[in-house]
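A look at the structure
What follows is the residue order along each chain.
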Amino acid sequence: MDVKHQNWIPGNFKSVPDTGRSAQNDVVQHGWTPITTTTSVLGVVFESGVALAADTLTSYGSMACFQNNPRILTVNQNIIVAAAGEYSDYQFIRDVVEEKVRTEKSLNDGISMKPKALHTWLSRVLYNRRTKMKPLWSTFLVAGVQNDVPFLGEIDKLGTAFVDEQIASGYGAYLALPLMRKAIDEKREKFNSKLTKDEAIDLLKKCMEVLYYRDARSHDKYQIGIVTKDSVEIQNLVLKPRWEVAKLVQGYE
């Protein structure tokens, strides 16, 4: 087998998209800093599935430049993916994942990609780019249902991957994650159960409102993606901010 042209890796269990030469060999070095960026992405597991939330703003440096760039991707009827960070890197991964889905459909064997498999594959892709000193400056959340069990995992730009019932990246890790953990813990302590679908959606709406007030790189337009074993749904929402709460902030005039 031609190792150079087949992107072969030890064991040959996973194929990694072509990443070219390492950055040290480039005449012009790319990928050292993110340019057009997005902010937090949130995910929470509920009793029958997973919900993700992300706004649609892409900032050029500190300028709120592009206000209608969705970053929740429907992979198939079992998986949705959301991204935070450099938007062009998300577009690259989106194109690669969509190509994998088309390849699987062309096999016509009745087997579709599973969320755990995509989560593991993405961790290898990001780690591969990191080792070539050309990282993808993005964090990805993979949500889905596998064997009737909800799955939610994160992969960062270093290829570090983990699984949890609630995940938030960026500024949301400081502001939204405590709210999500509190809601999940209260439901477990009082009723010994997980959040319902409606409770998960309401929780994400509350978190997105808090981030809009506190995160200068957030936006009032956002999406919530819901995946269950039966369906995938993407909701386009707009916040109705209540700025009278600003009077409660010390120093407001």
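Our subject is the structure that appears above.
Residues numbered from 1 in each chain as written. Predicted model: local features only at pLDDT ≥ 70, side-chain atom pairs only at ≥ 80, totals over all residues. Heavy atoms only, no water.

Core analysis: the biggest nonpolar cluster contains 23 residues, and L42, V44, L204 and I224 have the highest contact counts within it. Every element with two or more residues in this core is listed here: strand 2 (41-46), strand 3 (49-55), helix 4 (172-191), helix 5 (197-214) and strand 12 (221-228). When residues of this core are assigned to their parent elements, the largest contribution, seven residues, is made by helix 5. Those residues in contact with L42 that sit more than four places away from it in its chain are A51, L52, A53, L141, I167, A168, G172, A176, L204, C207, M208 and L211. The next biggest cluster of nonpolar side chains, apart from the first, holds 22 residues, and it includes V75, Y87, W121 and L126. (Core = buried A, V, L, I, M, F, W, Y, C linked by side-chain atoms within 4.5 Å. Buried < 20%, exposed > 50% of the residue type's maximum accessible area, 1.4 Å probe, protein only. Helix = DSSP H or I, 4+ residues; strand = E, 2+ residues; numbered from the N terminus. Contact = heavy atoms within 4.5 Å.)

Strand order across the open sheet formed by five strands is 11-2-3-12-13, with antiparallel pairing between neighbours. Either end of the sheet is taken by a strand with one partner, and the two such strands are strand 11 (166-168) and strand 13 (232-238). On average, each strand axis in the sheet is inclined to that of its neighbour by 15 degrees, with strand direction left out of account. Looking at chain direction, strand 3 and strand 12 are connected through seven bridges and run antiparallel. Residue pairing across strands places V50 opposite V227, the latter belonging to strand 12. Running at roughly 160 degrees to strand 2, helix 5 makes contact with strand 2, strand 3, strand 12 and strand 13 of the sheet. (Pairing = 2+ DSSP bridges. Axes fitted to C-alpha atoms, helices over the stretch in contact; angles between N-to-C directions.)

Another aspect to go through is the pairing of strand 9 (residues 149-155). Taking burial as the measure, the seven residues of strand 9 include six buried ones, the bulk of the element. Pairing of strand 8 (residues 138-146) with strand 9 involves seven bridges; the strand directions are antiparallel. Across the sheet, F140 pairs through a bridge with I155, a residue of strand 9. If you look at the hairpin formed by strand 8 and strand 9, you'll find two residues sitting between the two strands, and N147 has a positive phi there, around 55 degrees. Of the pairings in the sheet, the one linking strand 9 to strand 10 (residues 161-163) comprises three bridges and is antiparallel in character. Paired with G153 across the bridge in strand 10 is V163.

Turning our attention to the environment of T56. As for its position among the elements, T56 is in the loop between strand 3 and strand 4 (58-60). C-alpha separation for the pair T56 and S218, spaced 162 residues apart in sequence, amounts to 8.4 Å. In this structure, T56 is in contact with F66, Q67, N68, N69, P70, H219, K221, Y222 and Q223, ignoring residues within four places of it in sequence.

It is worth spelling out the sheet that holds strand 4 at this point. Read across the sheet, three strands follow the order 1-4-5 without closing on themselves; strand pairing throughout is antiparallel. Either end of the sheet is taken by a strand with one partner, and the two such strands are strand 1 (36-37) and strand 5 (63-66). Note that strand 4 and strand 5 share three bridges and pair antiparallel. Residue T58 lies in a different strand from strand 5, and its bridge partner there is F66.

Summed over the entire model, instances satisfying the criterion amount to three aromatic pairs. Relative to Y90, the ring of Y87 lies with its centre 5.5 Å away and its plane at 50 degrees, an arrangement referred to as tilted. With Y87 and Y90 both in helix 2 (residues 87-107), this residue pair falls three residues apart, about one helical turn. In this structure Y87 comes out as buried when scored by relative accessible area, which is 8%. What makes Y90 buried here is its relative accessible area of 4%. (Phe/Tyr/Trp six-rings, centres within 6.5 Å; stacked < 30°, edge-to-face > 60°.)

With 17 residues, helix 3 (residues 115-131) extends 24 Å from end C-alpha to end C-alpha; this agrees with the ideal 24 Å at 1.5 Å per step. P115, L118, H119, W121, L122, S123, V125, L126, N128 and R129 are the residues of helix 3 that are buried. On its buried side, helix 3 packs onto strand 6 (72-76), strand 7 (79-85), helix 2, strand 8, strand 9 and strand 10. Positive phi shows up at M133, right after helix 3, with a value of about 60 degrees. (Expected span 1.5 Å × (residues − 1).)

Now for the pattern of salt bridges. Scanning all chains against the criterion turns up seven salt bridges. The partner of K187 in a salt bridge is E199, with the nearest N and O atoms 2.7 Å apart. Of this pair, K187 sits in helix 4 while E199 sits in helix 5; the two residues are twelve residues apart in sequence, bridging distant segments of the chain. For E233, the salt bridge goes to K197, with nearest N and O atoms at 3.7 Å. On the criterion of sequence distance, the pair formed by E233 in strand 13 and K197 in helix 5 is long-range, its members being 36 residues apart. (Salt bridge = Lys/Arg side-chain N within 4 Å of Asp/Glu carboxyl O.)

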